[in-house]
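Tertiary structure, described
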Amino acid sequence: MKTIIEPFRIKTVEPIRMTSREERERALRAAHYNLFSLHARDVMIDLLTDSGTGAMSTEQWAAMMTADESYAGSSSFTELAEVVRDLTGYRHVFPVHQGRAAERILFQLLGGPGKVIPNNTHFDTTRANIEFTGAQALDLPAVDAHDLSAPRPFRGDMDIVRLEAFLASAPPGSVPIGLLTVTNNAVGGLPVSMANIAATAAMYRRHGVPFFLDAARFAENAWWIHRSEPGFIGRSLKSIVREMFRHADGCLVSAKKDGLVNIGGFCAMNDDALADRFRQLLILTEGFPTYGGLSGRDMAALAQGLREVLDPDYLAYRAAAAQYLAARLRDVGVPTVHPPGLHAVYVDARAFLPHIPPALLPGQSLCCELYCTAGIRAVEIGTLMFGRTDPDTGSAIPAQLDLVRLTLPRRVYTQSHFDWVIEAFADIAARRSELPGYAIRKEPPFLRAFTAQLEPVPVPARV
Ligand code: F0G
């Protein structure tokens, strides 16, 4: 059989409230055209994020019932730590309530003015937590990272040449830690090759810089390596994951992605002295080291989720779902980042809506129309999220790309839901030149995409 099916059947269902276009237009107006401000009950297909939005398995729910809620020495922690050690090989395992809590603690310890922390591309909370300490977050993506149709999948890689040049010229002691994000969320969710992980590790080691993986989507990255990296094709997913982690000295993990849970995260490392300092701050702000901001049942569900995520049938289905959506969208004339990552399909809104200049937010225009047409909530990853307003001239500085991310929650939607999304795009494609631009009417000082208020504006005619 060639057909790849969802390798699960559905035992509990959550109804989707069907809404009319009029209702959705009203809801969007009330949300000031910011989809983060919508009530989730007004959304029919929610593709905002794959973070904490997945469905748990029967085994995970069962594990929650038998979890240990002890304040100290919980056996659910012992179980989680064992599973993490088995995957990563790191000695010290610290649970946290989500990925950014680990970022806050680690960069509070290692950041500060004058420090620079490189990465292939920092996720926005990672960048914000580094910059909050006064340190600089440096992105060094591969040279073809932004070439949306280059066929090479490993465009999530670090640019090793620029990393070497940067480390060679950095003042001694100015690089307290080096990161690598797998998969590279900010670059279309594309993977990092094992060769690049090894080269990054070697480069950091040569310059005496400790190396941590931001491994929120470690299993999805391993799937790519197992499918398409010479020397690794067909190797077991677990052995690939172990090798990925073996190259690094530690990891930061938001478990809301490949941990298959709705909340949780962890940080793991080998360095005893750093672990001692991490533990002190963990106690101060997250909780005792054997729960670190999670309940026993959260840790039990996470331990089980980490076991399930490397099931080859699950990852094959996950990849097939993204590929199905991306291929059908391209069939109806929608340009997408190719190949698609596993956690999302990214649409090139700037190419899809060429009549809307980047300053008038083509990605946001597409998100608003997707919602009004079919109740779909996607997320703009473009000028609204990463662009800035020039403080001197007041003019908009656009982002490098204007993408719309259709993020796929794990084990939640079926093929007919994707067919609904594809039909909505086909419908919009036929009348795309009528879509308006958007202007920001109220802008917060940072992370503006979450709370900005917007308004549709006509697009000036081309001369
Ligand atoms: N690192 C990466 C690569 C991420 O994608 C995220 C979150 C984090 C760290 C932070 O983890 O949310 O648990 O605090 N990404 C989500 C997203 C929010 O929608 O891509 P967190």
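Okay, so let's go over this structure. (Residues numbered from 1 in each chain as written. Predicted model: local features only at pLDDT ≥ 70, side-chain atom pairs only at ≥ 80, totals over all residues. Heavy atoms only, no water.)

Strand pairs in the sheet, formed through backbone hydrogen bonds, run parallel or antiparallel to each other. Spatial ordering of the open sheet is given by 2-8-7-6-5, a layout of five strands whose pairing is mixed. What marks the edges here is a single partner per strand, and that holds for strand 2 (92–96) and strand 5 (178–181). With direction set aside, neighbouring strand axes in the sheet form an average angle of 15°. In this structure, strand 2 lies alongside strand 8 (residues 265–269), joined through five bridges in antiparallel fashion. Note that in strand 8 the partner of Phe 94 across the bridge is Cys 267. Helix 7 (residues 194–206) contacts strand 5 and strand 6 (211–214) of the sheet and is inclined by roughly 175° relative to strand 5. (Pairing = 2+ DSSP bridges. Helix = DSSP H or I, 4+ residues; strand = E, 2+ residues; numbered from the N terminus. Axes fitted to C-alpha atoms, helices over the stretch in contact; angles between N-to-C directions. Contact = heavy atoms within 4.5 Å.)

Membership of the largest hydrophobic core comes to 67 residues, with the highest contact counts inside it found for Leu 213, Phe 218, Met 244 and Leu 306. Among all residues touching Leu 213, those that are not within four sequence positions of it are Leu 180, Val 182, Met 244, Phe 245, Ala 248, Gly 250, Cys 251 and Leu 252. Counting residues in hydrophobic clusters, the runner-up holds 63 residues, among them Val 334, Ala 344, Cys 368 and Leu 454. (Core = buried A, V, L, I, M, F, W, Y, C linked by side-chain atoms within 4.5 Å. Buried < 20%, exposed > 50% of the residue type's maximum accessible area, 1.4 Å probe, protein only.)

Before going further, it helps to spend a moment on the pattern of salt bridges. For the structure shown, the criterion picks out 31 salt bridges. One salt bridge in this structure joins Arg 17 and Glu 23, with 3.5 Å as the shortest N-O distance. Residue classification places Glu 23 among the partly exposed positions, given a relative accessible area of 29%. The partner of Asp 427 in a salt bridge is Arg 431, and the shortest N-O contact between them spans 2.7 Å. In this structure, a network of salt bridges that share partners links the residues Asp 50, Arg 217, Glu 220, Asp 258, Arg 318 and Arg 410. (Salt bridge = Lys/Arg side-chain N within 4 Å of Asp/Glu carboxyl O.)

Under the counting rule described, the total for this entry stands at three cavities of 30 Å³ or more. In this model, the largest cavity occupies a volume close to 80 Å³. When the residues that make up the lining of the largest cavity are grouped by side-chain class, the tally is nine nonpolar, two polar and one charged. Around the second largest cavity, the lining residues are Ala 145, His 146, Leu 148, Arg 155, Ala 186, Val 187, Gly 188, Val 337, Leu 401 and Leu 403. Split by residue class, the lining of the second largest cavity holds seven nonpolar, two polar and one charged. (1 Å grid on protein atoms, 1.4 Å probe; cavity = no way out; pocket = protein on both sides within 12 Å on 5 of 7 lines; lining within 4 Å. Points joined across faces, edges and corners; volume = space filled by probe spheres on them. Nonpolar A, V, L, I, M, F, W, Y, C, P; charged D, E, K, R; others polar.)

An α-helical turn contains 3.6 residues, so any two residues separated by three or four positions project in the same direction. Over its 13 residues, helix 7 extends 18 Å from the first C-alpha to the last, a length consistent with the 18 Å expected when each residue adds 1.5 Å. Turning to helix 7, its buried residues are Met 194, Asn 196, Ile 197, Thr 200, Ala 201, Met 203 and Tyr 204. Elements that come into contact with the buried residues of helix 7 comprise strand 3 (116–119), helix 6 (160–169), strand 5, strand 6, helix 8 (218–228) and helix 9 (237–246). Positive phi appears at Gly 208, one or two residues downstream of helix 7, with a value of about 70°. (Expected span 1.5 Å × (residues − 1).)

What follows covers the site of the ligand. In the vicinity of the ligand, 16 residues are found, and the nearest of them are Thr 49, Arg 100, Asp 214, Ser 254 and Lys 257. Separating a nitrogen atom of the ligand from a side-chain N or O atom of Lys 257 is a distance of 2.9 Å. Against a free-state accessible area of 470 Å², the protein chains account for coverage of 93% of the ligand. Looking at the shell around the ligand element by element, the count peaks at three residues for helix 4 (residues 99–110). Grouping the constituent residues of the shell around the ligand by class yields one nonpolar, eight polar and seven charged. (Near = heavy atom within 4 Å. Polar contact = N/O pair within 3.5 Å; in protein donor to acceptor, adjacent residues only side chain to side chain. Areas by Shrake-Rupley, 256 points an atom, 1.4 Å probe, with all protein chains shown as cover.)

The three strands lie next to each other as 9-14-11, forming an open sheet whose pairing is antiparallel. Lying at the two open borders of the sheet, with one neighbouring strand each, are strand 9 (344–348) and strand 11 (379–381). Shown here is a sheet whose adjacent strand axes are inclined to one another by a mean of 30°, direction ignored. Pairing analysis gives three bridges linking strand 11 to strand 14 (residues 403–407), with the strands arranged antiparallel.

Turning to the packing of aromatic side chains, a few remarks are in order. Tallied over the full model, the rule gives 12 aromatic pairs. A ring pair is formed by Tyr 71 and Tyr 291, whose centres lie 5.1 Å apart and whose planes are at 70°; its orientation type is edge-to-face. Highlighted residues: Tyr 71 in the loop between helix 2 (58–65) and helix 3 (75–88) and Tyr 291 in the loop between helix 10 (272–285) and helix 11 (296–308), separated in sequence by 220 residues. Consider the rings of Tyr 314 and Tyr 317, whose centres lie 6.1 Å apart with planes at 55°: the pair is tilted. Pair noted here: Tyr 314 and Tyr 317 are both in helix 12 (residues 312–331), with a separation of three residues, about one helical turn. (Phe/Tyr/Trp six-rings, centres within 6.5 Å; stacked < 30°, edge-to-face > 60°.)

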